Amino acid sequence: MARRWVAFIMLYVHLASCNNENSVKDPTPAVYEPSWTYKCVPDEGCQRSQSPEPTANYTGTVYESLDLCRTVCGRFGGIWPRPVTAALSSQTVKIHPNYLRFDLIDAPVETRELLAKMTQVTASNLVDECDGNVTEIVKTPVIVYITIKTPNTDLTWSTDESYMLDVQNKEANIAVHISSETVYGTRNALETFTQLVTADKPDYTDHYKCGLRLISGAKIRDKPAFPHRGFMLDTSRNFIPIEDIKRMLDGMATTKMNVFHWHATDTHSFPLESSRVPQFTRYGAYSAYEIYTAEEIRELINYARVRGIRVVIEIDSPAHAGNGWQWGKEYGFGDLAVCANKNPWRSFCIQPPCGQLNPANPNMYKVLRDLYKDIAEMLAKPALFHMGGDEVFLECWNSTQDIVTYMENKGYERNVEGFIKLWAEFHSTALQIWDEELAEIGQSDQPVMLWSSELTQAHRIQKYLNKDRYVIEVWEPLSSPLLTQLLRLGYRTVSVPKDIWYLDHGFWGNTKYSNWRRMYSNVLPVDTNMLGGEVAMWSEYVDSQALDTRVWPRAAAVAERLWSNPSSGASVAEPRLQRLRSRLAARGIPSDVLSPGWCSQHDARCL
């Protein structure tokens, strides 16, 4: 029996030995190290390798990083919005922010303080590529030579924002030459410069490691197609904290948008502090913590200016004015606003809560003057102001005895045209007050903006609104002829078609969501009076918790349309938009996803 067990054991050992000799080695490494590479393929973009390559080092058109590949691949690399012309090297050179210098000798003295702040933002954006920690130290000097031709630091619709940017790599030195007419052209060039840089970091490492790579040679000539490239944010329906607004400004600067249209007040709330009329926030703010102080407003305006952005404050009127205005009787001023919070709301306004200013009450204009004085003193010179002007609900005024009596005394009939006269009278008076307050602080008359409305329809606008004083923001759908009609009549216009450039559509009622491709496809008319356009974020159904992904990257699609007005379609633009999305993330700006991850690693394969 014992001999049989010995034989069995010997047979088992022999079979085990044979199995070991013939077995296939387990291909799974002890530790998984992602090691894909990316190849720049002409007319396609960046394509991921078919299999991981553990010892990959980028050579020629093959790169270890998707961001690095996209930075150099294609005619315009990873630049957003697309420049007019660009010649980019496919080679890169390592740099470090500690060895970056800005030469301001050829910049006028008047521009240097603002320019210095702009260069600080540039350096910060470069560090952000490495999540705030550039570990790979290289001592290659990078000197940015800046030439600005004019000392003017005003930002207006006539400001020249064009620039020239050259990058040269000579004898282990990097020279970047920027030339522009104005400091704002240089700011745009500095933004483009940051987009020629990308992080160089491995996908997998036991220790954090990150360096920066700059395209070693570039020649870019660029200018915007439209002078008004705006983003509108509503902070009345839901309060948006100031730090979130600043983040929106950072995204605007990254995409070269230059107008922040701040829809600061509405019937819902009045969060904008007025030093002369503290009742506005006392009666209109949602809470003591949901107020924009005068100091914060001024700081935000300066923050925007450093980023090449003009802040346009909107005080919607005479409609869209309720909470914040309801204190008049208590202070002996009478009704400053009528129909405020009145029910049933459908009989007195477009959406709850109701409220419209009372043009029959002289005290309303006195209070409005104090508010205008505060705003005029805060805005950057020359001041651009938005007076709202849309959706006056005639039944509200018609149901108010003070207004009915006032109209009878003025000889205005109680029909549509009679109320239109009252409406136009309000704007005429408000404009006169605004002009007088600007004159008080040494500014000449400036154009003001109005939303399109019944008052701006082609058959009546010339009777009531001077085309030299008013810029009309047309928010009607694409099917409306109003934009073309106003251009034909000689009115300067800004386009924000609600059925395609409203970011809140698709989240309520029968509205339709526009993806970035649809937004990108909208082409504006070519006309000297076509100032540009805006993308609008109304806040009935969004607050700070969802703001970023509701706005980005869709707003960037509009930004490129307004800067470049490209003839090519969205499909060609998508790889660059993917690169922009990773850039926004590096700068702390979350944005919505564009595609499945596989598609983002294989340009043009999912079209």
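Everything quoted here is computed from the prediction, not taken from an experiment. The residue numbering used here restarts from 1 in each chain and proceeds along that chain's sequence as written. Whole-chain, interface and lining totals are the exception, using all residues; otherwise, since this is a predicted model, local features are given only for residues with pLDDT of at least 70 and side-chain atom pairs are given and counted only at 80 or more. Think of the side-chain values as coming from all heavy atoms in the structure, minus any hydrogens and water.

Participant: Could you clarify how one ought to interpret the side chain of Ser180 in this entry?
Facilitator: Secondary structure is summarised from DSSP: a helix means a run of H or I of at least four residues, a strand means a run of E of at least two, and numbering begins at the N terminus for each. The topology assignment puts Ser180 in strand E9 (residues 173–180). Excluding residues within four positions of it along the chain, Ser180 makes contact with Thr147, Ile148, Lys149, Ser162, Tyr163, Gly185 and Thr186. The contact criterion used is simple: two residues touch if any of their non-hydrogen atoms lie within 4.5 Å.

Participant: In this structure, what is going on with the sheet that holds strand E10 (residues 197–200)? I would like to understand it.
Facilitator: In a beta sheet, neighbouring strands pair by backbone hydrogen bonds and run either parallel or antiparallel. Between any two strands, pairing holds if DSSP finds at least two bridges. One open sheet holds the three strands; their spatial order is E5-E11-E10, and the pairing between them is antiparallel. Of all the strands in the sheet, just strand E5 (92–95) and E10 have a single pairing partner and so form its edges. Neighbouring strand axes in the sheet, compared pairwise and without regard to direction, differ in orientation by 40 degrees on average. With four bridges connecting them, E10 and strand E11 (residues 211–215) associate as antiparallel partners. If you follow Asp200 over to E11, its bridge partner there is Gly211. Angles shown run from 0 to 180 degrees and are taken between the N-to-C directions of axes, each axis being a line fitted to C-alpha atoms and, for helices, limited to the stretch in contact.

Participant: Can you walk me through the UniProt feature "active site" (unreviewed entry) in the protein chain in this structure?
Facilitator: Sites flagged by UniProt as "active site" (unreviewed entry) map to Glu391. Here Glu391 lies in the loop between strand E18 (385–388) and helix H9 (394–398). Glu391 gets classed as partly exposed once you look at its relative accessible area, which sits at 26%. Discounting chain neighbours no more than four positions away, the residues touching Glu391 are Ala319, His320, Ile350, Gln356 and Trp475. Polar side-chain contacts of Glu391 include one of 2.8 Å to the side chain of His320. UniProt positions are given in the numbering used here, feature names are shortened, and annotations may be inferred rather than shown by experiment. For the exposure calls, accessible area comes from a 1.4 Å probe over protein chains only, and a residue counts as buried if that area is under 20% of its type's maximum, exposed if over 50%, partly exposed in between. Counted as a polar contact is a pair of N or O atoms within 3.5 Å, where, for protein atoms, one must be capable of donating a hydrogen and the other of accepting one, and residues adjacent in sequence contribute only when both atoms are in side chains.

Participant: Would you mind going over the nonpolar core with me for this structure?
Facilitator: Across soluble globular proteins, you tend to see nonpolar side chains buried next to one another. Remark: nonpolar core denotes a set of buried residues (Ala, Val, Leu, Ile, Met, Phe, Trp, Tyr, Cys) joined through side-chain atoms within 4.5 Å. Ranked by internal contacts, the top residues of the largest apolar core, which has 121 residues, are Phe231, Phe260, Trp262, Trp325, Trp434 and Trp552. Looking at which element gives the most residues to this core, the answer is helix H11 (residues 416–440), with 11 residues. If sequence neighbours within four positions are ignored, Phe231 has contacts with Met248, Met252, Met257, Val259, Phe260, His261, Leu503, Glu534, Val535, Met537 and Val551. One finds Trp36, Cys40, Leu155 and Tyr184 within the second-largest nonpolar core, a separate group that totals 52 residues.

Participant: Please explain the sheet that holds strand E21 (residues 493–495) as it appears in this structure.
Facilitator: Overall, parallel pairing links the eight strands, which are arranged E13-E14-E15-E18-E19-E20-E21-E22 in a closed barrel. Along the sheet, successive strands turn relative to each other by an average axial angle of 30 degrees, direction set aside. As defined by bridge partners, strand E19 (residues 448–451) adjoins strand E20 (residues 470–474) across four bridges and the pair is classed as parallel. The residue bridging Trp451 from the neighbouring strand is Glu473, located in E20.

Participant: Explain the pairing of strand E15 (residues 310–317) to me, please; I cannot follow it from the model alone.
Facilitator: Summarising burial for E15: eight of the eight residues are buried, a large majority. Residue alternation in E15 divides its side chains into two sets, Arg310, Val312, Glu314 and Asp316 and Val311, Ile313, Ile315 and Ser317, and both sets are buried. When strand E14 (residues 259–265) meets E15, the two strands line up parallel, connected through six bridges. Across the sheet, residue Val259 finds its bridge partner in E15, namely Arg310.

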